[in-house]
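Structural characterization, general
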Amino acid sequence: RPANYATQVTNQSTQTLRNVTIVERLPQGVELAAVPEHGRYDAVRRTITWTIPQLGAQESHQLRSSLVTADPGSYATSVQVWDADGNKAETSSQLQVAGFSSLKVDVAQMSQKGGEVAVGEQVALRMTVVNRGSAPASDVVTEFEIPPELEFVAAKPQQYELQDRKVRFAPIPHLDVNGRQEIDIVCVARQPGTPRIAASLWSKEQNPIREEEAVVVFREDP
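Overview of the structure. (Residues numbered from 1 in each chain as written. Predicted model: local features only at pLDDT ≥ 70, side-chain atom pairs only at ≥ 80, totals over all residues. Heavy atoms only, no water.)

The secondary structure content of the chain amounts to zero helices and 20 strands. Taking 2.2 N^0.38 as the reference for a compact globule, 222 residues should give roughly 17 Å; the C-alpha atoms of the chain span a radius of gyration of 29 Å, well beyond that estimate. Its C-alpha atoms give the chain principal-axis dimensions of about 100 × 30 × 30 Å. Put simply, the chain has 222 residues, and 38% of those count as buried. Within the chain, contacts between residues at least 6 apart in sequence are counted, and of these 70% link residues at least 24 apart. Summed over its atoms, the accessible surface of the chain is roughly 13,300 Å², and 45% of this surface lies on carbon and sulfur atoms. (Helix = DSSP H or I, 4+ residues; strand = E, 2+ residues; numbered from the N terminus. Rg over C-alpha atoms; globule rule 2.2 N^0.38 Å. Buried < 20%, exposed > 50% of the residue type's maximum accessible area, 1.4 Å probe, protein only. Contact = heavy atoms within 4.5 Å. Areas by Shrake-Rupley, 256 points an atom, 1.4 Å probe, with all protein chains shown as cover.)

Dropping the structure here:
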């Protein structure tokens with residue numbers, strides 16, 4: 001994700017400074033999301049250069065840049081400033097980049113009947129959980145909510161609790177980046193209708209998300 005940063009240059013003297021040059025050096029692994037306004041980027045030296053024609057006494061000027069990196073970690077950046085008279089200043093900072101988990105859930109029927117079942121037949125559903133983020137997810141909890149038209153029969157994995165028509169599975173302690181987990185349930189159709197089975201998912205880092213799958217239950221003619 002691009003992040004915006006500001007470098008502030010202040011003339012702490014009592015005289016106007018002329019031709020103030022500011023050079024920011026980017027470490028390996030950090031890239032520009034966009035060329036800064038009035039800035040010049042040198043891809044070989046990995047530097048952004050700005051020039052301020054003059055900076056009055058006690059005057060400040062802000063220079064903005066937008067940076068992005070693909071990998072988490074700590075990155076050291078440095079800024080050098082000098083003017084036409086040879087006055088110099090230098091500073092450095094640490095850019096901390098953290099990854100984040102991003103869980104996605106998909107619910108689909110495993111039967112080949114186009115989502116239709118007769119009363120008394122079984123219907124199987126699979127919840128697929130995928131971590132599309134840049135950091136592992138922890139304590140991932142998944143849950144199915146069974147509508148009254150269906151009766152719960154079995155589930156896989158077998159570590160789950162059934163209460164108030166909700167099937168809650170044991171938390172997944174750790175789901176790596178691009179990791180996936182498949183969770184199956186089997187129900188029996190008891191009443192005709194179009195019930196919707198709801199699947200919920202949440203983790204230590206992510207608020208609950210919900211997905212629903214409709215099932216058409218019909219009664220066969222005698």
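So that's the structure; there's more coming.
The next point concerns the environment of Gln8. Mapped onto the fold, Gln8 is located in strand S1 (residues 3–10). Residues Gln8 and Ser60 lie 52 residues apart in sequence; the distance between their C-alpha atoms is 6.6 Å. In this view, Gln8 contacts Ser60, His61 and Gln62; residues no more than four positions away in its chain are not counted. Side chain to side chain, Gln8 and Gln62 meet in a polar contact 3.4 Å long. (Polar contact = N/O pair within 3.5 Å; in protein donor to acceptor, adjacent residues only side chain to side chain.)

Okay, the layout of surface pockets next. Any empty space left between atoms is shown by rolling a water-sized probe over those atoms. Approximately 340 Å³ is the volume attributed to the largest pocket. In terms of lining, the largest pocket is formed by 19 residues, of which the most central are Val9, Thr10, Val81, Lys88 and Ala89. Mapped by element, the contributors of at least two residues to the lining of the largest pocket are S1, strand S2 (17–25), strand S7 (73–82) and strand S8 (88–97). Its boundaries defined by the atoms lining it, the second largest pocket holds a volume of some 280 Å³. Residue lining of the second largest pocket: 17 residues in total, with Arg1, Val68, Thr69, Val97 and Ala98 positioned closest to the centre. Grouping the amino acids of the lining of the second largest pocket by side-chain chemistry returns 11 nonpolar, four polar and two charged. (1 Å grid on protein atoms, 1.4 Å probe; cavity = no way out; pocket = protein on both sides within 12 Å on 5 of 7 lines; lining within 4 Å. Points joined across faces, edges and corners; volume = space filled by probe spheres on them. Nonpolar A, V, L, I, M, F, W, Y, C, P; charged D, E, K, R; others polar.)

Applying the stated rule across the entire model yields 10 salt bridges. We note a salt bridge from Arg126 to Glu182, for which the minimum N-O separation is 3.4 Å. One end of the pair, Arg126, is in strand S11 (residues 122–131); the other, Glu182, is in strand S17 (residues 180–189), with 56 residues separating them in the sequence. Residue Arg126 is classed as partly exposed on the basis of its relative accessible area, which comes to 26%. (Salt bridge = Lys/Arg side-chain N within 4 Å of Asp/Glu carboxyl O.)

If you walk across this open sheet you meet the three strands as S1-S6-S3, and the pairing is antiparallel. Each of the sheet's edge strands pairs with one partner strand only, and the pair in question is S1 and strand S3 (30–34). Sheet twist, expressed as the average angle between the axes of neighbouring strands with direction ignored, equals 50°. Looking at chain direction, S3 and strand S6 (residues 60–69) are connected through four bridges and run antiparallel. Of the residues in S6, the one forming a bridge with Val30 is Thr69. (Pairing = 2+ DSSP bridges. Axes fitted to C-alpha atoms, helices over the stretch in contact; angles between N-to-C directions.)

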